[in-house]
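# Results of the structural survey
One letter stands for each residue in the lines below.
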Amino acid sequence: MGILFVIVIITLIGGAAVSSQSSINGKVGGTIGLLETVFFSLGTGALILGVLVCFFGTGHVFDLVHAPKLQLAAVFLGFGYLFLSSFNVNKLGVTPANLTAIVGQILAGFMIDALGLFGSAVIEFSWQRGISVILMLTALSLIFSEKNSTTLETKLN
């Protein structure tokens, strides 16, 4: 079993965890409130990471003050993602909400790669990536057009 296979499996498990988190957060948000849910989720994560940094960190946490300010703004992107995924899962359902987020992530990734944004290596947009965009958008349209679309419309209203 090669290292690439292990990385793919771990990434798939991570994706399943994110999908589960948005579903669970959506339900908890219906009970305690959306902002409270996001606060609880991020606060708990911060506490756990704080302990991990204390025991396993490299000791460079205070070098954060020297990081470029644009990179520090990524914190707000993480909050936005968690907030929107928790909100959307109750409106769209788990699969449509997560697939829409994934398609958005991949499209943004293609742009970041093609333009070399945020210091990443430039990876040109190929015909294979173009076909994958078409297939992803097709999958997205199929998910939203299935016969249960009236249920989705009811949830949105």
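Look a little higher up for the structure.
Residues numbered from 1 in each chain as written. Predicted model: local features only at pLDDT ≥ 70, side-chain atom pairs only at ≥ 80, totals over all residues. Heavy atoms only, no water.

### So, the packing of helix 4 (residues 74-92) against helix 5 (residues 94-115)
- Taken N-terminus to C-terminus, the directions of helix 4 and helix 5 make an angle of 140°; their axes are 7 Å apart at the nearest point. As far as their axial angle goes, helix 5 and helix 4 are oblique. Viewed along their axes, helix 4 and helix 5 form a crossing whose handedness is right-handed. Residue-level inspection shows Tyr81, Asn88, Val89 and Leu92 of helix 4 in contact with helix 5, the latter providing Val94, Pro96, Ala97, Ala101 and Gln105.
- Within the contact of helix 4 with helix 5, the residues separate by chemical class into 7 nonpolar, 2 polar and no charged. (Axes fitted to C-alpha atoms, helices over the stretch in contact; angles between N-to-C directions. Helix = DSSP H or I, 4+ residues; strand = E, 2+ residues; numbered from the N terminus. Parallel < 35°, antiparallel > 145°, perpendicular 65-115°, else oblique. Left-handed = near helix turned anticlockwise from the far one by under 90°. Contact = heavy atoms within 4.5 Å. Nonpolar A, V, L, I, M, F, W, Y, C, P; charged D, E, K, R; others polar.)

### Remarks on the environment of Ile32
- Mapping Ile32 onto the fold places it in helix 1 (residues 3-32).
- Each C-alpha atom, one on Ile32 and one on Met111, is 37 Å from the other, the two residues being 79 residues apart in sequence.

### Side note on the pattern of salt bridges
- Scanning the model with the defined rule gives 1 salt bridge in all.
- Between Arg129 and Asp113 there is a salt bridge, with the nearest N and O atoms lying 3.1 Å from each other. Placement of Arg129 in helix 6 (residues 127-145) and of Asp113 in helix 5 is noted, with a sequence separation of 16 residues between them. (Salt bridge = Lys/Arg side-chain N within 4 Å of Asp/Glu carboxyl O.)

Read these as geometric descriptors, not functional statements.
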